[in-house]
Amino acid sequence: MSSIIQLLPDHVANQIAAGEVVQRPASVVKELLENAVDAKATDIKLIVKDAGKSLVQVIDNGNGMSVTDARMCFERHATSKIRHAEDLFTIHTKGFRGEALASIAAIAHVELKTKQEFDELGTHIIIEGSKFITQDPSVLPKGTSFAVKNLFFNIPARRNFLKSETVEHRHIVDEFQRVALAHPSIHFTFIHNGSELFNLPSSNLRQRIVAIFSGKTNEKLVPISEETEIVQVNGFISKPEFSKKNRSEQFFFVNNRYIKSGYLHHAVMAAYEGLLKDGMQPGYFIYLEVSPNTIDINIHPTKTEIKFDDEHALYAILRSTVKHSLGQFNVAPVLDFERDPNLDTPYHYQNKDASTPLIQVNSNFNPFAEEKATMNFGGSTYRERKTENAHWESLYVGLKNDTKEIESFPFEQEAVSSSLFNDTDIEESKNRTYQIQKKYILSSIKSGMMVIDQKRAHQRILYEQYLKNMTVQQASSQHLLFPLEIYFSTNEIHLMKELKTALENTGFIFDAIESDKIIISGIPIQVTESEVSIVLEELVNDLQDGIPESSFSQNDSIAKSMARSLAVKTGTYLTEKEQENIVNGLFACKEPDVSPFNKPTFITISVDDLDKKFAI
C-alpha cells in the first residue's frame, strides 16, 4: 500500500495560514503597520482604496531591508524578531511568528520597495500569489513601502464573504487607531480614496487621543497613574457623565500592544459601580507595563489575547487605581458631614495676603445737634438739615369733591366659567384602560380583555410613523432657537454623512457636518432637544455594522433605531389619555400584532380562559 501522507507545497501552506492571519483588509493594515513600527519608523503613511479591496499601502521611513532580507521576508516562519525559543518570553516587538508577509503574498499582488540608509540602491520586488515576478535594484528613499493590491484575487469565495465598503472601512479605521494610540510619538497619516482622514503628528498621549476622537474629548479625560512591583498603570479614563451605550472608546494596551480582556474590563466597570446609568459604558485608554516573562502572547495569530501570571492581583490594582482617580479628581460624589462649604476659601483669594481693615471716624458727629455738621467719609461730602414737616392735612388742600357712588356704574352680571368646555360636552370613555406595573395596559374587549406591552406598542407606532415620513410625505420639523452642536469621532462623522439625506426626511435639519461635530438647527417634532444626542448616538451604534445598500432597507434601519430610542420605556407612568392614545395608535397601524423587532405587542385573554382559572 502506497503512502498517503504528503508534505504540502509552500503556496498551499501559505494559503491555509492566510485563513487565520488575513481575515479581511483590516488584518493586512494591522500587520503592515506593526512591521513599520518594529522597523523604528518615525513617520508612517497608510493609503487605502475601496476599503482595502483594491489597495492597502504602508510607507515608512524605518530601517529598511537588504536585498537578501527583502527576498527572505516572504518565506514562511522567516523573521528578524526572535532567534531562540527562549525569546518568546522576552518579546518587545509587535510580530514574531513570521507568517504575516508570507500569508499576504499568497493571496494578493504585493509590491515591495525597500532601502537601507547607507545602501546606494534599494530593492523592488513584485509578487503575485506567492510567485516572484520581478526583483530589480531601484533608486529609493530610506525605508520601506508595501503595496498590497487585489486582495483575495485567487480565492474568490473568500472575497465574496467580505462585507460592504462601509463595514470594511470601519474595521481598517479601528486597526489604525489601535496602532496610533499605542505609539503617540510616531507621526501617522491615513488617506482613503484620495482624501486625508487622519494626520496625527508626534505628540503626547492626551493630544493623540484628542486628535483621534475630536476636540471635545479633552474635557472627558481623567488621568490615572499607579506603579507597583507587578504592573505600571498609566492612561486616561472618561468621566461618568460622558459614558456611551457602545464600547467604541475602550482600549487596553499591554507593553504598547492592543489587547482584549473581559476580565480587566470587569475591573474597570467595578470601579465605576454606582456612577453609571444602566447599559452605559465608560471610555478608557489604559496602558499596562508588565515584565515580558509574566505574560504569554503566543495564543492566537492576531495577538489580541494575552495570558497573565497573576490576573487576580492585576484586577485588584486596576480597580483601585481607577477608583482612586475618580475620587481624586472629584468625579465620584463625596459625603463629608463635618465640612462647612461656607468656610471654603474662593480660588482667587487663596494666595492673597491678609491686610488690616481701615476704620474712618468722624469726630465732629453730634446726633443731638439741630443742624448736623458736614461729614466726610472717603472723599464724599454731604449735609443733613433738619426741616419742618408740613402738616399731613395740607396734602389734601384744593382737591375737588367729585366722588360718585360706585353703585351707579353698570357691571356685567354674567358669571365667568373657569372651564373651556361645558360639562355636558365631556363624555366618559366607553372602554377605560388601566396600567399595570407601569409596563402593561389593560383594555376590555367583547370577548374578554387585552394586555398590551406599552413599550413595544409605542415602538410599532413610531416605526410606521417615521417610515411614512421618509417614504411618502415630508416630515415636520421644529426649529431650534440656538443650533445644537454634537461631537462625534471621525468614523462616526463618516457614517453621519451617509445618513444625512435619510435623517433630513425624518425631520432633522443640518446646518453643517464638520470634521469632528455636526450642527443641527431643526429636529423632528416628536423629539425633544435633550433626546437628540441620545437618538443619534444609538443610531450610529445600531448601524456600526454597515448601512444597507438599498434605500428602503436604510430607511427601515433608521426608523427602527429611532423608534427604539424614543419609545416610552418600561416603568414610565402613563395618564389615562396617554394610555388611550397608545391603544388607538397601535390599532391604526398596518401591522399592530408585532413590534418592529418581530415581538408580540399584545395578548388577549378571553372570558372562558378566566373562567377556567377560577374553576377549582
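Preceding this section is the structure that the text describes.
Computed from a predicted model, the values in this text were never measured in an experiment.

The next thing to look at is the sheet that holds strand β1 (residues 43-49). The mixed open sheet is built from 8 strands, whose spatial order is β5-β4-β3-β6-β2-β1-β7-β8. Both outer strands of the open sheet, β5 (131-138) and β8 (195-200), are each paired with one neighbouring strand and no more. Here the average twist between neighbouring strands, direction ignored, is 10°. Two strands pair when backbone bridges link them, and β1 and strand β2 (residues 55-60) are joined in this way by 6 bridges, in the antiparallel orientation. Among the inter-strand pairings, isoleucine 47 is bridged to a residue of β2, identified as glutamine 57. The strands touched by helix α6 (residues 165-182) within the sheet are β1, β7 (187-192) and β8, with β7 carrying the most contacts at an inclination of about 175°.

What follows is about the pattern of salt bridges. Taken as a whole and judged by the stated rule, the model has 13 salt bridges. For the salt bridge of lysine 113 with glutamate 111, the shortest nitrogen-to-oxygen distance reads 4.0 Å. For lysine 113, a relative accessible area of 32% puts it in the partly exposed group. Residue glutamate 111 is classed as buried on the basis of its relative accessible area of 18%. Here glutamate 464 ties to arginine 460 by a salt bridge, and the two come within 2.9 Å at their closest N and O atoms. One end of the pair, glutamate 464, and the other, arginine 460, are both in helix α10 (residues 454-471), 4 residues apart, so they sit about a helical turn from each other. For the pair glutamate 464 and arginine 460, a shared accessibility class is recorded, and that class is buried. The structure contains a network of salt bridges with shared partners spanning Glu111, Lys113 and Lys149.

A complete count under the given rule lists 17 aromatic pairs for this structure. Where phenylalanine 251 meets phenylalanine 253, the ring centres are 6.2 Å apart and the plane angle is 5°; that geometry is what we call stacked. The pair formed by phenylalanine 251 and phenylalanine 253 is uniform in burial state, with each residue classed as buried. Aromatic pair phenylalanine 251 and phenylalanine 285: ring centres 5.5 Å apart, planes at 10°, arrangement stacked. On the criterion of sequence distance, the pair formed by phenylalanine 251 in strand β11 (residues 250-254) and phenylalanine 285 in strand β13 (residues 284-289) is long-range, its members being 34 residues apart. Judged on exposure class, the residue phenylalanine 251 and its partner phenylalanine 285 are both buried. Through pairs of rings, three or more aromatic residues link up here, namely Phe213, Phe251, Phe253, Tyr258, Phe285 and Tyr287.

Within the open sheet, the 3 strands sit side by side as β21-β23-β22. Their pairing is antiparallel. Every interior strand has two partners, whereas the edge strands, β21 (477-487) and β22 (509-513), have only one. Averaged over all neighbouring strand pairs, the angle between strand axes comes to 15°, with direction disregarded. Looking at chain direction, β22 and strand β23 (residues 517-524) are connected through 4 bridges and run antiparallel. Paired with isoleucine 513 across the two strands is isoleucine 518, which belongs to β23. Seen against the sheet, helix α11 (residues 490-506) touches β22 and β23 and runs at an angle of roughly 160° to β22.

This next bit is on the packing of α11 against helix α12 (residues 532-542). Contact pair α11 / α12: the axes reach a minimum separation of 11 Å and the direction vectors enclose 105°. The orientation of α11 with respect to α12, classified from their angle, is roughly perpendicular. For the pair α11 and α12, contact is made by Glu492, Leu495, Met496, Leu499 and Leu503 and by Leu536, Leu539 and Val540, respectively. Residue composition of the contact of α11 with α12, grouped by class: 7 nonpolar, no polar and 1 charged.

With that out of the way, let us pick up the nonpolar core. A general feature of soluble globular proteins is that nonpolar side chains tend to end up buried together. One finds Leu32, Ile44, Leu46, Phe74, Leu181 and Phe188 to be the most contacted residues of the largest nonpolar core, which totals 58 residues. When neighbours within four sequence positions are excluded, phenylalanine 188 is seen to be in contact with Val37, Ile44, Phe176, Val179, Ala180, His183, Phe198, Asn199, Leu200 and Arg208. In this structure, Tyr463, Phe510, Leu543 and Ala567 belong to the second largest nonpolar core, which totals 33 residues.

Time to look at the environment of lysine 45. Tracing the backbone shows lysine 45 in strand β1. On the basis of relative accessibility, which here comes to 33%, the residue lysine 45 falls in the partly exposed class. For the pair lysine 45 and asparagine 61, spaced 16 residues apart in sequence, the C-alpha separation works out to 9.4 Å. If we ignore the near neighbours within four places in the chain, the residues touching lysine 45 are Gln57, Val58, Ile59, Thr189 and Ile191.

What counts, and at which threshold
- Residues numbered from 1 in each chain as written.
- Predicted model: local features only at pLDDT ≥ 70, side-chain atom pairs only at ≥ 80, totals over all residues.
- Heavy atoms only, no water.
- Pairing = 2+ DSSP bridges.
- Helix = DSSP H or I, 4+ residues; strand = E, 2+ residues; numbered from the N terminus.
- Axes fitted to C-alpha atoms, helices over the stretch in contact; angles between N-to-C directions.
- Contact = heavy atoms within 4.5 Å.
- Salt bridge = Lys/Arg side-chain N within 4 Å of Asp/Glu carboxyl O.
- Buried < 20%, exposed > 50% of the residue type's maximum accessible area, 1.4 Å probe, protein only.
- Phe/Tyr/Trp six-rings, centres within 6.5 Å; stacked < 30°, edge-to-face > 60°.
- Parallel < 35°, antiparallel > 145°, perpendicular 65-115°, else oblique.
- Nonpolar A, V, L, I, M, F, W, Y, C, P; charged D, E, K, R; others polar.
- Core = buried A, V, L, I, M, F, W, Y, C linked by side-chain atoms within 4.5 Å.

By themselves, these figures tell us nothing about what the structure is for.
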